[in-house]
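Below are the chains, spelled out letter by letter.
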Amino acid sequence: MNRFVAAERALRTAAPHELLDAIRAVLADQYGGEDVELFMADYGLTVLQPVSVLPHTMEPVSVHNSPAGRAFGSQEPYREDTGDGRARLHLPVSVRGDRLGVLSVTLPGADPARERESELAEIASVLGHEVMVAERDTDLYLQARRRDRLTLAAEMQWQLLPGRSSSRPEYELGAQLEPAYAIYGDNFDWSATADHLMLYVTNGMGEGVEASLLTNLVINALRNARRAGISIADQAALADQAVYAHYQGRCYLSVLMFDFDLAAGRASVVDAGSPQLLRLRDGKVERVSFEAQLPLGMFEETDYVVQDFHVEPGDRLVCVSDGVHAVASPKGETYGDVALARAIHATRLLPAAEVPRAILRELTGHRGEAVPDDDALVVCLDWHGRRDG
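Residues numbered from 1 in each chain as written. Predicted model: local features only at pLDDT ≥ 70, side-chain atom pairs only at ≥ 80, totals over all residues. Heavy atoms only, no water.

A.B. asks: Can you lay out the environment of Glu300 for me, pointing to particular residues and giving the numbers?
C.D. replies: For Glu300, the position within the fold is in the loop between strand 14 (284–288) and strand 15 (307–310). C-alpha of Glu300 to C-alpha of Gln241: the two residues are 59 residues apart in sequence and 6.5 Å apart in space. (Helix = DSSP H or I, 4+ residues; strand = E, 2+ residues; numbered from the N terminus.)

A.B. asks: Just give me the short version of the environment of Leu150, but keep the residues and values in it.
C.D. replies: By the element assignment, Leu150 lies in the loop between helix 5 (140–144) and helix 6 (152–160). Looking at Leu150, the relative accessible area reads 7%, which means it is buried. Along the sequence, Leu150 and Pro330 sit 180 residues apart, while their C-alpha atoms lie 27 Å from each other. (Buried < 20%, exposed > 50% of the residue type's maximum accessible area, 1.4 Å probe, protein only.)

A.B. asks: So, helix 3 (residues 67–74): which residues are in play, and what are the values?
C.D. replies: Listing the buried residues of helix 3 in full gives Ala68, Gly69, Ala71 and Phe72. Seen along its axis, helix 3 keeps its buried residues to an arc of 160 degrees; they face one direction. Contacts from the buried residues of helix 3 go to strand 1 (34–41), strand 2 (47–50), strand 3 (61–62), strand 4 (78–81), strand 5 (87–95) and strand 6 (98–107). Positive phi appears at Gln75, one or two residues downstream of helix 3, with a value of about 55 degrees. (Arc of directions from axis to C-beta. Contact = heavy atoms within 4.5 Å.)

A.B. asks: Tell me about the packing of helix 1 (residues 3–13) against helix 2 (residues 19–31), and please be specific about residues and values.
C.D. replies: At a minimum axis distance of 9 Å, the contact between helix 1 and helix 2 shows a crossing angle of 160 degrees. One way to sum up the angle between helix 1 and helix 2 is to call them roughly antiparallel. As for the relative orientation of helix 1 and helix 2, their crossing is right-handed in sense. Seen from helix 1, the contacting residues are Arg3, Phe4, Ala6, Ala7, Ala10 and Leu11; seen from helix 2, they are Leu19, Ala22, Ile23, Val26, Gln30 and Tyr31. Along the lines of polarity and charge, the residues of the contact of helix 1 with helix 2 split into 10 nonpolar, one polar and one charged. (Axes fitted to C-alpha atoms, helices over the stretch in contact; angles between N-to-C directions. Parallel < 35°, antiparallel > 145°, perpendicular 65-115°, else oblique. Left-handed = near helix turned anticlockwise from the far one by under 90°. Nonpolar A, V, L, I, M, F, W, Y, C, P; charged D, E, K, R; others polar.)

A.B. asks: Describe the pattern of salt bridges, naming the residues involved and giving the relevant values.
C.D. replies: Enumeration over the complete set of coordinates arrives at 21 salt bridges. Close ionic contact of Arg279 with Glu286 constitutes a salt bridge, the shortest N to O distance being 2.6 Å. The class for Arg279 is buried, based on a relative accessible area of 12%. Residue classification places Glu286 among the partly exposed positions, given a relative accessible area of 28%. (Salt bridge = Lys/Arg side-chain N within 4 Å of Asp/Glu carboxyl O.)

A.B. asks: Give a detailed account of the state of the cysteines, specifying residues and quantitative values.
C.D. replies: For the structure shown, the criterion picks out zero disulfides. Counting only cysteine sulfurs, Cys380 is the nearest neighbor of Cys319, a cysteine outside any disulfide, at a range of 9.2 Å. (Disulfide = S-S within 2.5 Å.)

A.B. asks: Residue-level account of the sheet that holds strand 12 (residues 266–272), with values.
C.D. replies: By way of backbone hydrogen bonds, the strands of a sheet pair with one another, either parallel or antiparallel. An order of 9-10-11-12-15 is seen for the five strands of this open sheet, with the pairing classed as antiparallel. The sheet is open, and its two borders are formed by strand 9 (187–192) and strand 15, each paired with just one other strand. Looking at each pair of strands side by side, their axes are set apart by 20 degrees on average, direction ignored. On top of the sheet, helix 7 (residues 208–226) reaches strand 9, strand 10 (196–203) and strand 11 (254–261); it is set at about 15 degrees to strand 9, its chief contact. (Pairing = 2+ DSSP bridges.)

A.B. asks: Provide a residue-level description of the packing of helix 7 against helix 8 (residues 232–247), including the pertinent values.
C.D. replies: In helix packing, the relevant descriptors are the interaxial angle and the interaxial distance, both defined with respect to the helix axes. Closest axis-to-axis distance for the helix 7/helix 8 pair is 8 Å, and the angle between their directions is 140 degrees. Like other packed secondary-structure pairs, helix 7 and helix 8 cross with a definite hand, here right-handed. On helix 8, the residues that touch Glu210, Leu213, Leu214, Leu217, Val218, Ala221, Leu222, Ala225 and Arg226 of helix 7 are Gln235, Ala236, Leu238, Ala239, Ala242, Val243, His246 and Tyr247. Within the contact of helix 7 with helix 8, the residues separate by chemical class into 13 nonpolar, two polar and two charged.

A.B. asks: Describe the side chain of Asn187, and please don't skip the residues or the numbers.
C.D. replies: Within the secondary structure, Asn187 is located in strand 9. Ignoring anything within four residues of it in the chain, the contact list for Asn187 reads Gln157, Leu160, Leu161, Leu177, Tyr200, Val201, Thr202, Thr215, Ile219 and Leu377.

A.B. asks: Pulling in residues and values, what's your account of the sheet that holds strand 5?
C.D. replies: Ordered in space as 3-2-1-6-5-4, the six strands form an open sheet in which the pairing is antiparallel. Looking along the sheet, the strands with just one partner apiece sit at the ends: strand 3 and strand 4. Inspection of the sheet shows strand 1 paired to strand 6 by five bridges, in the antiparallel sense. The residue bridging Glu37 from the neighbouring strand is Ser104, located in strand 6. The sheet contacts of helix 2 involve strand 1 and strand 6, and relative to strand 1 the element is tilted by about 140 degrees. Helix-sheet contacts for helix 3 involve strand 1, strand 2, strand 3, strand 4, strand 5 and strand 6, and the interaxial angle to strand 6 is about 140 degrees.

Shown next, in the form of structure tokens:
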């Protein structure tokens, strides 16, 4: 049995909470690997947290300026010379573009590290798939993602999300929420089929658990309608009815909804509220406006109408909540379209998964304080389109 198959079998047969033990054993036996560690990206995307069980503990490492962080940011293996004749490989752990963390292993020499880098990167990918499956049965990996305790509202919101990034040949997606450990109302959701991508960006109302409950109701109502094969206009109408039936107009939620045709590069759009869309095309950033319709749940039995939207290969679409475009500086200056366009242009060379985090860092500088008063959400979509044939 070759080494890769042995590693894959070890991961697939390990108990959910024993994936790290299994990968440590097989990398030591098959590759001579030592000091094997798995790091998970924390909710704020600032550090990589080690997966460990007490009393075994390790310090987190920075996403921004560490060898493991370089592998995470580039999504490419990074080889580190340890200075003692050995080499340490840092391998991204990702699933279909969703960046989970980094697997680090020390090998006996630079040559073995180079020769086995590709194979070990594949093993790290298998590990990522197994971690996602294992999270159904253990909290170990979810606990490793948090450097602080989540509020109850934030716990509910993060469990509702599809992931923080996703990629296919036709597109790349990235999204991030702040404050990561105390988010309560803003949210995003996406789902793809062979020919369509549906993307929702929601701007929550209220605070704390009540805001999270409202968002949970809306997202699940939209998913229920989507999974019944209903168009996005009717999805919006059914979610609107569900919210109004429960709150009688006291609470409502804004949402920007897209249904992209992956082959044609067209989208049907429902704009029900305040999330904003900006487009970077041919080096120019511009605001894209749609006909505004009523937020979900404001009035009884609202009808929603789709609008057509066209995307071209190379387009970058950035959606933000009002916690981004409406946030004020200490002097009362609104962040607004100009500053946001500048941030989008400054991050044009970053991959879509990195853009939300970078824009939110820029926003922190404008706001002048680390913890925002309102939720801030950024979603970035890079459109590649479908090649003929």
